[in-house]
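# Coordinates in review
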Amino acid sequence: MKIAHSLSAIALGLTLATQVNAAEFTFAKSIKPNDNTLVLFLDTDSQVANFNYLKPETQTHLNKVIEFSDFKAGYGKTLEVIAPNGSDHQRILLVGLGEQPKLDAAKMAKLGGNVHAKLQSAKQANVSLDFSELKDSAINAKYAAEFAHGANLRDHRFEQYKKEQDSHVVNYTLDVDNLDQAVKTHKLLQSIEQGVFLARDLTSEVATEMTPVDFAKAAKELKKLGVKITVLEPKQLKKLGMGALEAVGRGSEEGSRLVVAHYQGNKNPPIALVGKGITFDSGGYSLKTGASIARMKSDMAGAAAVLGTVKAMALAKADTNVVAVMGMAANMVSQFAVAPGDVVRTAEGLSVEIVNTDAEGRLVLSDAMWYARDKYKPSIMVDVATLTGSKIRAVGNDYAAVFSDDDALVEQLTVAGKQVNENLWRLPLGYEDALKSDIADLKNIGSHGPGATTAASFLQNFAGDTRWVHIDIAGNALNSKAKDELAEGGTGYGVRLLSNWLLNNAQ
């Protein structure tokens with residue numbers, strides 16, 4: 001069999017790419033007849049399995065199993081045939097596509113994740129996949145690449161603290177019609193995967209090993225890809241008047257950092273991605289209680305997402321100019337920490353009364369947004385943050401909340417998210433009066449109204465005249481159980497959404 005191209009999904013060597021083994025994918029013009037498993041796709045219009053390269057007795061066996069099992073090939077449904085008659089394959093796995101007109105790239109990625117989990121669990125070493133049921137050559141290639149993308153996203157594991165790590169590797173051969181198109185699509189998707197994996201590893205790492213300084217070191221690895229990295233320390237933050245960001249990290253030994261990663265793929269005005277980077281959120285003096293505090297290592301997932309997006313764009317050599325600005329701090333309790341009732345002044349010039357030290361994310365974002373606007377004059381600014389529990393109560397964990405007065409941007413981002421299974425739900429801005437303070441220009445929490453909205457309205461004060469969108473990813477950053485193309489642990493939520501948006505919406 002002629003093998004046109006082989007692509008490895010192993011991470012590209014950044015210090016936080018902890019996964020040694022990863023699924024392997026080869027695109028070819030035919031399947032391997034002696035692989036452990038053969039995966040065949042059927043849609044709801046397929047009454048029988050009609051694969052001419054299989055022996056007649058194998059096809060007869062399959063169709064009898066389909067008939068006796070009443071297999072309708074609904075989307076995501078599977079039917080396993082062990083030791084199929086006349087076949088050298090140990091098993092044949094039938095996978096339902098549902099109605100082909102309703103199939104899309106997002107569904108194929110999700111399908112790839114779930115099928116891979118099944119094969120990984122069964123410890124299958126070599127798997128052939130036949131995509132001939134997808135007749136259109138372009139769709140055949142695109143969906144095969146998306147399936148591989150979903151499989152590799154599900155395969156990613158953060159296991160560096162486990163004594164026994166899962167070292168099993170599944171080697172896939174994907175039978176496609178248009179090799180060149182499949183390889184090209186998959187290569188782009190792999191660039192995005194590397195951004196997702198970076199964001200996941202940063203988010204999954206324990207807080208004592210992922211301080212603002214550690215995050216800055218990880219960002220500096222992107223210099224190898226031509227990304228310009230700038231790191232500002234507490235004295236520099238003070239000199240620039242960034243009192244809000246500096247104050248949040250004051251209770252920790254290292255203090256705050258502003259980390260900037262700039263990939264300039266063209267000379268257009270940049271798009272600014274601003275990320276909340278609270279490497280651990282104790283709540284400060286407004287101390288968090290209960291089991292949720294153990295998940296607060298993930299409060300820097302917004303910063304991880306925007307850094308991962310820059311990595312993806314750099315690897316893809318994308319025709320875009322994007323800068324990630326990340327406000328980094330550990331929100332800790334100490335004699336130096338800010339206290340409830342303190343007033344800080346932002347670089348915007350607005351003073352903020354800190355009524356609750358656990359509403360710190362909007363403080364680091366306020367100065368990071370100012371810096372992005374002042375230093376880079378972006379055409380668009382999107383901030384990403386695990387910002388409020390109110391967002392989780394409003395839309396749960398399957399959606400992120402999006403806020404903006406810019407209808408066009410909300411529509412673009414919503415469509416981009418739907419195409420990669422990172423869905424957005426729009427919530428309103430408003431309740432600005434709830435942020436009034438007797439002693440300062442603003443309070444950092446609202447006196448009334450929905451918390452996710454008042455937090456977004458607080459941030460709106462720092463958007464200036466720049467087109468701006470706020471995305472609240474609280475609840476989306478960590479996965480307690482693997483599902484679809486999401487592994488357990490950090491999800492990298494936002495990298496695929498932002499990458500899709502950047503690649504498909506010309507500046």
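Remember, it's a predicted structure, so these values are computed and weren't measured experimentally.

## Notes on the environment of Arg 426
As for its position among the elements, Arg 426 is in strand 16 (residues 423-426). The sequence separation of Arg 426 and His 61 amounts to 365 residues, and the corresponding C-alpha distance is 50 Å. Contact partners of Arg 426, with chain neighbours within four places excluded, come to Val 402, Ser 404, Asp 405, Asp 406, Asp 407 and Val 410. Of the polar contacts made by the side chain of Arg 426, one reaches the backbone oxygen of Ser 404; its length is 2.8 Å. For Arg 426, the side chain forms a polar contact with the side chain of Asp 407, separated by 2.9 Å.

## Concerning the layout of surface pockets
In this structure, the second largest pocket occupies an estimated 650 Å³ of space. Counting residues per element, the ones that place at least two in the lining of the second largest pocket are helix 2 (105-121), helix 3 (137-155), strand 19 (478-479) and strand 20 (489-490). Ranked by residue count, the leading element in the lining of the second largest pocket is helix 2, at four residues. Taken together, the residues of the lining of the second largest pocket break down into seven nonpolar, 10 polar and nine charged.

## Some remarks on the UniProt feature "binding site: Mn(2+) 2" (unreviewed entry) in the protein
Within the UniProt annotation, "binding site: Mn(2+) 2" (unreviewed entry) is assigned to Lys 276, Asp 281, Asp 299 and Glu 360. In terms of the greatest pairwise C-alpha distance, the residues named above, spread along 85 residues, form a tight cluster of at most 11.5 Å across. Inspection of the secondary structure puts Lys 276 in strand 10 (residues 271-281). For Lys 276, a relative accessible area of 2% puts it in the buried group. Within the secondary structure, Asp 299 sits in the loop between strand 10 and helix 8 (301-316). The buried category is assigned to Asp 299, whose relative accessible area is 5%. A distance of 2.9 Å separates the side chain of Asp 299 from the side chain of Lys 276, its partner in a polar contact.

## A word on helix 13 (residues 495-504)
Judged by how many residues are buried, helix 13 sits mostly within the fold: eight of 10 residues are covered. Listing the buried residues of helix 13 in full gives Val 495, Arg 496, Leu 497, Leu 498, Ser 499, Asn 500, Trp 501 and Leu 502.

## Looking at a nonpolar patch on the surface
Judged by side-chain polarity, Tyr 285, Leu 287 and Val 333 come together as a nonpolar surface patch covering roughly 280 Å² of accessible area. As for its position among the elements, Leu 287 is in the loop between strand 10 and helix 8.

## Notes on the packing of aromatic side chains
Using the criterion set out here, one finds 10 aromatic pairs in the structure. Three or more aromatic residues joined by ring pairs form one cluster here, namely Phe 41, Phe 131 and Phe 147.

## Observations concerning the sheet that holds strand 9 (residues 257-264)
Read across the open sheet, the eight strands follow the order 8-9-11-10-14-18-15-16; overall the sheet is mixed. Bordering the open sheet on either side are strand 8 (228-232) and strand 16, each of which pairs with just one other strand. Neighbour-to-neighbour, the strand axes of the sheet open up by a mean angle of 20 degrees, direction not taken into account. Sheet topology places strand 10 next to strand 11 (residues 321-331); 10 bridges connect them, and they run parallel. Bridging from a neighbouring strand, Ala 272 pairs with Val 323 of strand 11. In the packing of helix 11 (residues 407-418) onto the sheet, the strands contacted are strand 14 (380-385), strand 15 (399-403), strand 16 and strand 18 (467-472), and the crossing angle to strand 16 comes to about 150 degrees.

What counts as what
- Residues numbered from 1 in each chain as written.
- Predicted model: local features only at pLDDT ≥ 70, side-chain atom pairs only at ≥ 80, totals over all residues.
- Heavy atoms only, no water.
- Helix = DSSP H or I, 4+ residues; strand = E, 2+ residues; numbered from the N terminus.
- Contact = heavy atoms within 4.5 Å.
- Polar contact = N/O pair within 3.5 Å; in protein donor to acceptor, adjacent residues only side chain to side chain.
- 1 Å grid on protein atoms, 1.4 Å probe; cavity = no way out; pocket = protein on both sides within 12 Å on 5 of 7 lines; lining within 4 Å.
- Points joined across faces, edges and corners; volume = space filled by probe spheres on them.
- Nonpolar A, V, L, I, M, F, W, Y, C, P; charged D, E, K, R; others polar.
- UniProt positions renumbered as here; feature names shortened; annotations may be inferred.
- Buried < 20%, exposed > 50% of the residue type's maximum accessible area, 1.4 Å probe, protein only.
- Patch = residues over 30% accessible without salt bridge, like charges linked within 9 Å, V, L, I, M, F, W, Y side chains within 5 Å.
- Areas by Shrake-Rupley, 256 points an atom, 1.4 Å probe, with all protein chains shown as cover.
- Salt bridge = Lys/Arg side-chain N within 4 Å of Asp/Glu carboxyl O.
- Phe/Tyr/Trp six-rings, centres within 6.5 Å; stacked < 30°, edge-to-face > 60°.
- Pairing = 2+ DSSP bridges.
- Axes fitted to C-alpha atoms, helices over the stretch in contact; angles between N-to-C directions.

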